[in-house]
Amino acid sequence: MSKEVNRRDFLKLSSGTAALVGLSSIPGTLGAISSEQKRFNGSAKFVPSVCEMCTSSCTIEARVENGKGVFIRGNPNDKSRGGRVCARGGSGFNQLYDPMRLINPIMRVGERGEGKWKEVSWDEAYTFIAKKLEEIKEKYGAHTVAWTARSGWTKVWFHHLAQAYGSPNIFGHEATCPLAYGMSGKDIYGSSIGRDFAKAKYIINMGHNVFEGVVISYARQYMSALQNGAKVVTLDPRLSMMAAKSSEWHKIKPGHDLPFVLAFMNVLITDELYDKEFVAKNCEGFEELKNSVKEYTPEAMAKECDIDAGTIRRLAHEFAAAAPKAIFDYGHRVTLSAQEMELRRAMMMINALVGAVEKEGGYYLPKNSKFYNALLGEDDPKAPSLKKPKTPAYPKVEVPRIDRIGEEDCEYFLASKGQGITTLVPKAALNELPGVPYKIHGWFIVRNNPVMNYANLETVLEAIKAMDLVVAVDYQVSDTAWYADIVLPDTTYLERDQEITAGGGKNPSFSIGRQKVVEPIGNSKPTWLIAKELAEKMGLGEYFPWADVEDYRLQQVGDDIDLLAELKLKGLKSFGVPLMLQDKKSVAKFVKKFPGAAAKVNEEGLIDFPKKIQLFSHKLEKVSGTGGLSYNPYKYKEVDELFFINGKSAVRTNGAGANNVWLNNLLSEAAAWIHPNTAKKFGIKDGDEIEVYNKYATQRGHAMLTEGIREDTVFAYFGFGHVSKKLRFSGKGIHSNSLYPSFTGKNSGMDLHVVGVKIRKV
Amino acid sequence: MAKKYGMIHDENLCIGCQACSIACRSENDIPESVYRLQVRVLGPKKLPDGNMIFEFHRQSCVHCENTPCVTVCPTGASFVDENGISLVNTDICVGCLYCNAACPYDARFVNPITHAPDKCTFCKESRLGRGEEPACVSVCPTEAIVFGDINDPTSKISKVLSQRPTYHQRADLGTEPKMFIVPNKKGGIQS
Amino acid sequence: MNPIWGSMEQYNPIVWPWPIAVYLFLAGLSAGSIMVALLVKWNRHEGEHNTIWDAMVKAGAILAPVTIIVGLLLLIFDLKKPFDFYWLLISYNFTSVMTLGVLALFVYTPIVLIFMLLIFEDTIRKVKLFSMLIPVIEFIKGFHSYAKIIEYSLFGIAIVVGAYTGFLLSAIQANPMWNTPVLPLLFLTSGVSAGIAANILVGLMFFKSSINKESIKYLLVMDLRVIMTELPLILVLFVGMMYTGGDSLVAAKQALSTGYWAKVFWFGVIGVGLVLPLIIAFTALRNHAYKVGYIMINSFVVLCGVMMLRFYIVYAGQLFTGV
Ligand code: SF4
Ligand code: SF4
Ligand code: SF4
Ligand code: SF4
């Protein structure tokens, strides 16, 4: 029973006043409406919420202006972001009336990827999915359905549903993005790591391009550091915005960051520049580390990374001299090396070696309520901690996950189950992985985009085609939704409430999550509701014992209604004072505020690390013999190929930017950066249409000649060359992930974002 | 004393992220095809010492003190308000585009809805009345834009102007823009 | 760097496109042809009928109003808000050359129309269709004692109109090629040469007249003189730009050497507009070949040249600003 969309009805329902012109024939989507018909019902006062245009999840505020538009700005209560918002964040409201957004569930009627759809009701959609899931459960077992969900709130609901259904195979996006440094932090420091950029005097940045892949708080901190005269040294094959703003830019060879870091470390140790006292007192495994990096002298590594030995030495000396106000930035996103785990661990250990941890201008451990409260005395007030609503136990699962996380011998043990190695899903759909006695037969994908974001498009598509069921939840027909059997329309973030989150920087903090700014448009539903209703359809309703988000929030705060009220009003709240364990002044302030904490302060006026810093990993050693650091040269490309790397642009980074008209208008196609000398060899001129190709794929784009790149390297912004025909500019520009190999990093499980390509003029 | 509104664009702090451009569009309801403001990222430029930098050119009305656009407008539709903001009264504009032709800063475009020239208004119609800073200023992640009353010596803009060297685009024309630019000096030292 | 700042379409340097060039041409032509008609009328016309002089006066009398009206219509329809054009008549800004131009045209246009009526009085009286104009003519003729004064002032306003087309552009400081005092003079002169050419052409074509060697020679020489004043003016324009230096110098160099518009300048403005008429005139004069055909071709070529001059100045002036 598919019905033709009646947008007249829809608009009457959604806004009361609007009528419609330009009926679109694409089932399920909103279709074009004229600007007078775009009416926004919502708060005229700023409502604090959280941005969803990229994964940084910045604190924002938004208000409806004369019913005609929504203005979004940063939440002024958030000091770290200064009430600022980037171009992506500012464009958010544009999604609301995007004619291409989905407002009804759609079901595939042709082949996967053929683009033939019919519109269905929510009930039909739920029934279909529930039935299919039941079938798979009976035929192969519930564990053969993989569930991948966007970081943050969506994960909470769907990982919960997955486990209630009986699948241990739950994943986030991390293996395509930040997983390795999170794992490294856990291994070395026992937690993730914060960076006090603003106060640093010296920063080594290896392609952490926060001025283009804008992370507002980082961008601001880096900028204040620069303004305060800090020296920032950027190593990047390309003149990124960060490189251009830095005091020094070194064109490191793509894929060869690790040899640089090892040589840097080698200098710190050999020249005895490291903080002996700090290491002796707070670290374990120094001798093993020393031995493992002995051979990586700057002279030996210089030709590997293409940074001369003298420079490596100089940088190491300068860095050590600036410590503890020094940060070796461990970066974010793109995989820089085939040895991600070694690379990120090595980077993170450097700060420990120079003693720049838990000190102003260095690294710090994020302090959530649990961490913070553990330091407080009995009489001190405690940071609130959120409660998890009680739900029934999940059914027992006898088989391992496809990434074997949770098993004794698992090489990816440092990843949490909620992260997992999602890039293994396509592989596990095509073949049984070692030690995994089954294949994946279904994929439930919530606001994640494997077709765009996983390395090697070919494998992903083959896997999707081999599955029995592919469900996508998204607010638009993303590239992945394009291949799904059924697509459920999520609301955009401005239309939904979400639960409270707790975290911590230098002290514990809480966020309201998202708050509805405007009434939802059409029949789209927030993910919490989709999960709950689907669960009910699947007979799993008891797992979702909350009426709505407000009810869930109340259960989260328990008796602390004031906390909820304050969060709703201000958006965020922090507890206590900032604390750096190894900073005398900071500790003194902390004790002044919480006298009971005095007991934890040592004779030097500092607080000891809760756990020793691990410079050698016994567990990694046991599982895969990788406890120390080692460099194994990797062949990224053939001799006659160029390196291909990618990165973020300031306006289009994540799925939400992919189809946003305003952002697309700013940057509709990302050109390939090519050095003029290289271009000359290939007879390519600026603006020429070119093909970038290798054995995995051939991509078309335009050449941009610039001296801001190595001669042996081609660069393109990612997030272009969309496959879904329901996105604007589909097919325009280079789909960089299609050029990458199907690769799973040792221990990290990460994709690889360096590969060899050739170029030619079309 | 009447206000004299001005703006600073600090090229050192600007990262070319276009947040300002989007905020302007959002707040002032600018049609999709046109821009009151663009930040052009030019280069890379190689400095004599081998450094490479990008230059950041803010393309918008610079709010001239001596306004060529107002001088030539035949109907008085282009005018400057009491606070020094250059504006267009679309009601009495005939759309001759004499002002567009006269503006040395390419600041004006034809608004596809009103058919009259449109340009940066320092957000007079949308925000100044509410006591808010212009949209572009309010969102800039790195605080590269400063706005305020130049006549008020205690304002932030006056302070920054007294501390930092600034220049005008096309100063030779004698238009005396109220848009001040802090030149870009940063850049990596090429190894 | 990738253009990440969006489309540059709105920054098209051509703010004033071809209708403005055509308008400037027509306005100049109108002023030129009425001036020429008046001059001929005052100096030659009395008592001569069916001569080329008579034809030229008639041609001017009809060309001046027709071209200015067509030009104004073109101008109005080129406005982005054509239906608001009345604001031009009720809201003034006296620092704006356009306002001054509007005022001049406000006076000029009715007078050239009246002039036309008076010159064609006989025709109008003969043709039934125009009979309703007769009372108007009678009314105007009531003022016949002022006739000379009106004619003189018409001549004066025609000069203003012809020059104003140049002042309109020269008021724009941002475009070095426009922002020069030579432009009004240049436009006025080339307007006059267009006026002569057009009057001859239209006169010969529509107002049958006897023509003799003497008058042909006279006309050719007259053309020559005007062209000879235009050439140095163009020279002064560019020398002035180069002398100013800076952006102007760059603009001048670019305008004379880059792309399509440089070609238009050398082949169109200089080649067709100035050199070719000179060649035609000289050969004709040298060989004493006083044929009507020569004059017609010559006039046509001059008109083309003037038109191309306007296009060149309008487009190259906007494109090449030296920045
Ligand atoms: S928002 Fe600020 S940093 Fe970004 S482009 Fe605009 S001025 Fe530059
Ligand atoms: S376009 Fe409008 S504002 Fe501009 S000069 Fe003409 S009448 Fe004035
Ligand atoms: S920049 Fe242009 S539009 Fe703005 S005041 Fe100056 S001349 Fe007028
Ligand atoms: S001041 Fe206002 S109108 Fe001008 S560019 Fe900034 S946001 Fe746009």
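This structure is a prediction, so every number in the text was calculated from the model and none was measured.

Quick notes on the rules
- Residues numbered from 1 in each chain as written.
- Chains lettered and ligands numbered in written order.
- Predicted model: local features only at pLDDT ≥ 70, side-chain atom pairs only at ≥ 80, totals over all residues.
- Heavy atoms only, no water.
- Near = heavy atom within 4 Å.
- Nonpolar A, V, L, I, M, F, W, Y, C, P; charged D, E, K, R; others polar.
- Helix = DSSP H or I, 4+ residues; strand = E, 2+ residues; numbered from the N terminus.
- Buried < 20%, exposed > 50% of the residue type's maximum accessible area, 1.4 Å probe, protein only.
- Polar contact = N/O pair within 3.5 Å; in protein donor to acceptor, adjacent residues only side chain to side chain.
- Contact = heavy atoms within 4.5 Å.
- Buried area = accessible area lost by both parts, 1.4 Å probe.
- Salt bridge = Lys/Arg side-chain N within 4 Å of Asp/Glu carboxyl O.
- pLDDT = per-residue confidence, 0-100.
- Domains from an automatic or database assignment.
- Pairing = 2+ DSSP bridges.
- Right-handed = clockwise from strand over helix to strand, strands pointing away.
- Axes fitted to C-alpha atoms, helices over the stretch in contact; angles between N-to-C directions.

K.L.:
For this particular structure, what's the right way to read the site of ligand 2?
P.N.:
Of all residues adjacent to ligand 2, which total 13 residues, the nearest are B:C73, B:C93, B:C96, B:L97 and B:C99. Its residues assigned to classes, the shell around ligand 2 comprises 10 nonpolar, 3 polar and no charged.

K.L.:
I keep staring at the side chain of C:T180 and nothing clicks. Help me out?
P.N.:
All names here are of chain C. For T180, the position within the fold is in the loop between α7 (147-170) and α8 (182-206). By relative accessible area, T180 is classed as buried at 9%. In terms of polar contacts, T180 uses its side chain to reach the backbone amide nitrogen of V182, at 2.9 Å. If we skip the residues at most four places from it in the chain, T180 touches S170 and L237.

K.L.:
What am I meant to see in the interface of chain C and chain B here?
P.N.:
How big an interface is tends to be expressed through the accessible area that disappears when the partners come together. With 33 residues of chain C in contact, the opposing surface of chain B contributes 41 residues. Of the roughly 3200 Å² buried between chain C and chain B on both sides combined, carbon and sulfur atoms contribute 57%. If you look at where chain C meets chain B, you find 1 salt bridge. Residue B:R170 pairs with C:D247 through a salt bridge whose shortest N-O separation is 2.8 Å. Secondary-structure elements contributing two or more residues to the side of chain C that touches chain B are α3 (87-90), α4 (97-119) and α7 of chain C. With 3 residues, α4(C) is the largest single contributor of residues to the side of chain C that touches chain B.

K.L.:
Looking at this structure, how should I read the pattern of salt bridges?
P.N.:
Think of it this way: side chains of opposite charge can pair up when their charged atoms draw near. All names here are of chain A. Applying the stated criterion across every chain yields a total of 75 salt bridges over all chains. Taking the shortest distance from any N to any O, the salt bridge between R73 and E61 comes out at 2.9 Å. Of the two residues, R73 is situated in strand β3 (residues 69-74) and E61 in strand β2 (residues 59-65); the sequence distance between them amounts to 12 residues. E61 shares its class with R73; the two are buried.

K.L.:
What is the right way to read the interface of chain B and chain A from this model?
P.N.:
Listed per partner, the contact involves 43 residues of chain B and 46 residues of chain A. Taken together, chain B and chain A are joined by 5 salt bridges. For the pair chain B and chain A, the interface holds 12 residue pairs in polar contact (both at pLDDT 80 or more). Of all the elements in the fold, those that place two or more residues in the side of chain B that touches chain A are α1 (19-28), β2 (38-46), β3 (52-59), α4 (135-139) and β10 (189-190) of chain B. Broken down by element, the side of chain B that touches chain A gets its largest block of residues, 7 residues, from α1(B). Residues of the side of chain B that touches chain A, tallied by class, amount to 20 nonpolar, 11 polar and 12 charged.

K.L.:
Explain the environment of B:P165 here, please?
P.N.:
Residues and elements named next belong to chain B. Note on placement: P165 falls in the loop between α5 (156-163) and β9 (179-182). Taking the C-alpha atoms as reference, P165 lies 7.7 Å from P183; in sequence the two are 18 residues apart. Beyond its immediate chain neighbours, meaning those up to four positions away, P165 contacts I181, V182, P183 and K185.

K.L.:
For this particular structure, what's the right way to read the confidence of the model for chain A?
P.N.:
Atom-level detail of predicted coordinates should not be read off regions where pLDDT is low. Put simply, chain A has an average pLDDT of 91, and 96% of its residues get 70 or more. Every residue in residues 1-24 of chain A is under pLDDT 50, and counting partners more than four places away or in other chains gives 47 contacts.

K.L.:
Any chance you could explain the domain arrangement of chain A here in plain terms?
P.N.:
All names here are of chain A. Per the domain assignment, the segments of chain A are domain 1 (7-97), domain 2 (179-364 + 610-624) and domain 3 (642-761). In this structure, domain 1 and domain 2 have C-alpha centres spaced 40 Å apart. Buried area between domain 1 and domain 2, summed over both chains or domains, comes out near 600 Å², and the portion from carbon and sulfur atoms is 57%. The three residues of domain 1 that bury the most area against domain 2 are S80, R81 and R88, which together make up 46% of that side's buried surface. Inspection of the domain 1/domain 2 interface yields 0 salt bridges. The interface formed by domain 1 and domain 2 holds 1 residue pair in polar contact (both at pLDDT 80 or more) in total. Looking at the side of domain 1 that touches domain 2, its residues break down into 3 nonpolar, 3 polar and 3 charged.

K.L.:
I'm lost on the environment of A:N368 in this one. Help?
P.N.:
Residues and elements named next belong to chain A. Positionally, N368 belongs in the loop between β14 (363-364) and α14 (369-375). For the pair formed by N368 and Q556, sequence separation is 188 residues and the distance between their alpha carbons is 16 Å. With sequence-adjacent residues up to four places away left out, N368 is seen in contact with G503, G504 and P508.

K.L.:
Sorry if this is basic, but what is going on with the pairing of strand β10 (residues 231-235) of chain A here?
P.N.:
Strand residues, when the strand is regular, have side chains that alternate between the two faces of the sheet. All names here are of chain A. Buried residues dominate β10, accounting for 4 of its 5 residues. As paired strands, strand β9 (residues 202-205) and β10 are joined by 4 bridges and run parallel to one another. Pairing of N205 across the sheet is with T234, part of β10. In this view, the connection linking β9 to its parallel neighbour β10 by way of helix α6 (residues 216-227) has right-handed handedness.

K.L.:
What is the right way to read the sheet that holds strand β1 (residues 5-10) of chain B from this model?
P.N.:
All names here are of chain B. Here 3 strands make up an open sheet; going across it, the order is β8-β1-β9 and the pairing mixed. Edge strands, defined here as strands with exactly one partner in the open sheet, are β8 (145-149) and β9. Recorded for the sheet is a direction-independent mean angle of 20° between the axes of neighbouring strands. Relative to β8, β1 runs antiparallel, the two being bridged by 5 bridges. Bridging across to β8, H9 finds its partner in I145. α5 rests against β1, β8 and β9 of the sheet, and its axis sits at about 115° to β8.

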